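Residue-level listing of the chains:
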2 protein chains.
Amino acid sequence: MHTAKSLIALSAWLGLQLAASVCLCAAVADSTAVEQWGVFEVSLRGPAAGNPFLEVQFAAEFRRQNRVVRADGFYDGDGAYRLRFMPDAQGTWTYLTRSNRAELDGKAGEFTCGPPSKGNHGPVVVRNTWHFGYADGTPYFPVGTTCYAWVHQGDRLEEQTLATLRAAPFNKLRMCVFPKDYVYNKNEPPYYPFERTAAGANDLTRFNPRFFQHLEKRVKDLLELGIEADLILFHPYDRWGYKNMPADADDRYLRYLVSRLAAYRNVWWSLANEFDFMKEKTMSDWDRFFRIVQESDPYQRLRSIHNGAVLYDHGKPWVTHASIQGYDFDKARTWLETYRKPVIYDECQYEGNIPRRWGNISAQELVRRFWLGTAAGAYVGHGETYLDADDILWWSKGGVLHGESPKRIAFLRKIIEEGLAGGINPMNDKYPVAGLEGRYYLYYFDAHQPAEYEFDLVKGGPYKVDIIDPWQMTVTPVQGTFEGKLKVKLPARPHLAVRIRKAE
Amino acid sequence: MHTAKSLIALSAWLGLQLAASVCLCAAVADSTAVEQWGVFEVSLRGPAAGNPFLEVQFAAEFRRQNRVVRADGFYDGDGAYRLRFMPDAQGTWTYLTRSNRAELDGKAGEFTCGPPSKGNHGPVVVRNTWHFGYADGTPYFPVGTTCYAWVHQGDRLEEQTLATLRAAPFNKLRMCVFPKDYVYNKNEPPYYPFERTAAGANDLTRFNPRFFQHLEKRVKDLLELGIEADLILFHPYDRWGYKNMPADADDRYLRYLVSRLAAYRNVWWSLANEFDFMKEKTMSDWDRFFRIVQESDPYQRLRSIHNGAVLYDHGKPWVTHASIQGYDFDKARTWLETYRKPVIYDECQYEGNIPRRWGNISAQELVRRFWLGTAAGAYVGHGETYLDADDILWWSKGGVLHGESPKRIAFLRKIIEEGLAGGINPMNDKYPVAGLEGRYYLYYFDAHQPAEYEFDLVKGGPYKVDIIDPWQMTVTPVQGTFEGKLKVKLPARPHLAVRIRKAE
């Protein structure tokens, strides 16, 4: 909404602020109470004629004591206007709408923000440089999976995907906003993001509210499962024209999406999948997209961008964490030290058996990569690509999981969650190890199989030692406690991990 | 022998050439017949007083038709002087000695070089840019192992090592000339290369002939087993003073060693193990050592140098092939294309269970690395480091093999030998593959497990396809023959190879 025209509207709006703040208008909200980090929604009727997506500005300011948060509303079709807001503090909030249309302007109200319900820990934010946490202080260690186009498969398959996720170890899901056209992904989506003619021509000036309503429903479904929705805003695998829209359509799309979705606390913004494979976009386009999201989002949700062959500069200030396609875990240390941000290997190839090289690593190899990434102080993401008679591959369409890695990833997640609440940092030794000096060490020995190893830890112990088999999913305590230099007998088998914790 | 003083002697010697060539002196050789690529030896008595190692020059020219080959002789102690020569062509050879001492000078003779005996294929040379072959045209694919200090262990263990090698798949052995001081290697050697005082001081001007006689015996033992002796001339693991000799002692040592050993057709010169860990030497020292070996060796045996953390520039003209410590097989292609020489990953870590990271990879991992290297168009070397109550680890002392990799390496060697006589070259595909376009392809799928793959080969076929399990050591032919694009069903298990050959 920050076109030249809207700047004029904004100036007028600012002039009305003082008067508006004392105006007592009728409440227009769907409810007058909301939990902390929940979504408070304002619904209004407004103009349906012309092109509301282009012509109507609609926003509101939310206030609690001295805090003011501005959020944009959006047109939801059929004369319906909505505005969503996530209160981040308990107590009484007031709001006042502003619009260039009288029906939407100057509407004020208030609501009470109460305590969060069970399982609501607030949004995930970056914490301790290289890690994440929920807003209420609960640790959050990302263990993601990938279902790029799952929201474009129709309700039956989508419900099955949700049922699978309910029983799976994943707490983050990479998913595209736009439909996908790629191998094993040739089906038409049930909904399109823009109005279309029968011949398939897009009207890029008119969003399709049903598309976004459906997307939101799925984001809320994930929220209820405790899963972060890592929304991919652009991607190159497209036959409908979404990868090469003109700049004004791109920018309008970003603002519309943010206005609809930012209030959901489980939303993350992933600017692109394989941004560098989108030859229609330049680096300055990507920078602009980041800044648009950054300035539009009242909550500063996590922002990242995923690479194909070329890395984006994750040091740029609007990037909250590095989202990496790759599996060179030796680079994690450099990136962690350079960016001083969390690093997620969101795509390190997938467990599966398709001919494509990125989609046929063994379960053993994917589990190995999870451990390598973890022991590098980074995070790793899952995907699965087993051939299917109906082309339903988890990595894109969802459905059910067939692989052997998820239960081992669940085991690793448990190990991580039993570890330090603040996360484990990259450390320096001959084998991959992450932890916190004097407190916690998680070694992964990969193809190495020493019969014994002398762990040269800082003075401080005593330490307890566990030998972990990531594939067998066993934790075997080593008898006794250790100090400083720990010479530990090991099973002389490859692909084991060793956990060393300061004895309480 | 190329000191200023010896240059004067050389000038005098050249002046005598014409006269000498018609002199008919008594034969002084140990025999008058030798097989092609065998060793013809001249023995003479000469001065034992003073320091013959410094004071006596002794060489000979060998002639057959228009060819002249000069070789240096050496002092073997107790007044014995020897000169060894490997004739590379059958027929009658004559020779004439030259020395600055009358007893050794002007001795002439002739001998007959007959056909090589069974199993004698001549020395190994570089062939087809990236490969090797015996001089008689027989293919030679290096499959090496490592017993750094095996010749310093005493006869009992050394004989056991030879017995092990007799049944093992290796046709090259990396071994140090000098004794070794390192973990698991603290024993004194039976022989020292230089005269020593009782207190252990070296007389670097006096070689110990018994040391070299013993070394030669072991090199000959390897020759009889068909094993190339990849002799390591310097190494950093030393407590006796051989790693930091002055330059004149280094140079004299190199010339003495070459004069004694170059005639054995299975000798390769490896200038160093981990040259860059020898902080006493500079790069110009290494260049000089190469040039000394190059100018002293009448046969131009293979020359390489093995790195620690920093690569020597294998592009330098005196390097015949790159000897690599490392296991990044993705780099092989670059090196092969840059150096245009064979690349041997002579040390890619060892199967074993010791605490050191380089000595505890699993058998599976070492076999995997052999296949990765082979499918990169390079060669790979073996080593084994299992803990032993008596500290007898194969990698250094020899003895017996305990591991699970050698029989799989034997299997791979068989696969390679069944392939192209000229060797298989690096190729370009999504998976590691080496071969020759239209004729032969050896793919290795590593952790990838496609259920099918379309091999896009050049037109030409028909091709036959085999699925190879490197660990189970099975070769399973795929039914039928294929043309051009081969869509092949694969077992969807990791760590398999696929061999594609043009049907005869």
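Computed from a predicted model, the values in this text were never measured in an experiment. (Residues numbered from 1 in each chain as written. Chains lettered and ligands numbered in written order. Predicted model: local features only at pLDDT ≥ 70, side-chain atom pairs only at ≥ 80, totals over all residues. Heavy atoms only, no water.)

K.L.:
I keep staring at the pairing of strand S28 (residues 474-477) of chain A and nothing clicks. Help me out?
P.N.:
For a regular strand, the rule is simple: side chains alternate between the two faces of the sheet. All names here are of chain A. As judged from the four bridges shared by strand S27 (residues 463-469) and S28, these two strands associate in the antiparallel manner. Residue Asp-469 lies in a different strand from S28, and its bridge partner there is Thr-474. In this antiparallel pair of consecutive strands, S27 and S28, the connection spans four residues, and Met-473 shows a positive phi of 60 degrees. (Pairing = 2+ DSSP bridges. Helix = DSSP H or I, 4+ residues; strand = E, 2+ residues; numbered from the N terminus.)

K.L.:
So what exactly am I meant to see when it comes to the domain arrangement of chain A here?
P.N.:
Residues and elements named next belong to chain A. One can read the domain layout of chain A as domain 1 (4-114), domain 2 (143-417) and domain 3 (427-502). One C-alpha centre belongs to domain 1, the other to domain 2, and the line joining them spans 30 Å. Between domain 1 and domain 2, the contact holds 20 residues from the first and 16 residues from the second. Summing both partners gives a buried area of about 1600 Å² for domain 1 against domain 2, and 55% of it is carried by carbon and sulfur. A per-residue breakdown of the area domain 1 buries against domain 2 is headed by Phe-53, Arg-84 and Met-86, which together make up 38% of the total. (Domains from an automatic or database assignment. Contact = heavy atoms within 4.5 Å. Buried area = accessible area lost by both parts, 1.4 Å probe.)

K.L.:
What's the story with the nonpolar core in this structure? I'm lost.
P.N.:
Across soluble globular proteins, nonpolar side chains have a tendency to be buried as a group. With 79 residues, the main nonpolar core has Phe62(B), Met175(B), Leu231(B), Leu233(B), Phe234(B), Tyr253(B) and Trp269(B) as its most contacted residues. Sorting elements by how many residues they give to this core places helix H5 (residues 247-261) of chain B first, with seven residues. When residues of this core are assigned to domains, at least three fall in each of domain 1 (4-114) and domain 2 (157-417) of chain B. Beyond its immediate sequence surroundings of up to four residues, Phe234(B) is in contact with Phe178(B), Tyr242(B), Met245(B), Asp250(B), Tyr253(B), Leu254(B), Leu271(B), Ala272(B), Asn273(B), Met278(B), Trp286(B) and Phe289(B). Formed by 78 residues, the second largest nonpolar core is a distinct cluster that contains Ala60(A), Val69(A), Phe178(A) and Ala272(A). (Core = buried A, V, L, I, M, F, W, Y, C linked by side-chain atoms within 4.5 Å. Buried < 20%, exposed > 50% of the residue type's maximum accessible area, 1.4 Å probe, protein only.)

K.L.:
It is not clear to me how the interface of chain B and chain A should be interpreted in this structure. Could you clarify?
P.N.:
Where interface size is given, it is often the accessible area lost as the parts come together that is meant. Taken together, the contact pairs 25 residues of chain B with 25 residues of chain A. Summing both partners gives a buried area of about 1900 Å² for chain B against chain A, and 54% of it is carried by carbon and sulfur. When the area that chain B buries against chain A is broken down by residue, the three leading residues are Arg357(B), His448(B) and Gln449(B), summing to 29%. Counting across the interface, chain B meets chain A through zero salt bridges. Here chain B is connected to chain A by 22 residue pairs in polar contact (both at pLDDT 80 or more). Listing elements by their share of the side of chain B that touches chain A, those giving two or more residues are helix H8 (363-374) and strand S26 (452-456) of chain B. When its residues are assigned to classes, the side of chain B that touches chain A shows 13 nonpolar, seven polar and five charged. (Salt bridge = Lys/Arg side-chain N within 4 Å of Asp/Glu carboxyl O. Polar contact = N/O pair within 3.5 Å; in protein donor to acceptor, adjacent residues only side chain to side chain. Nonpolar A, V, L, I, M, F, W, Y, C, P; charged D, E, K, R; others polar.)

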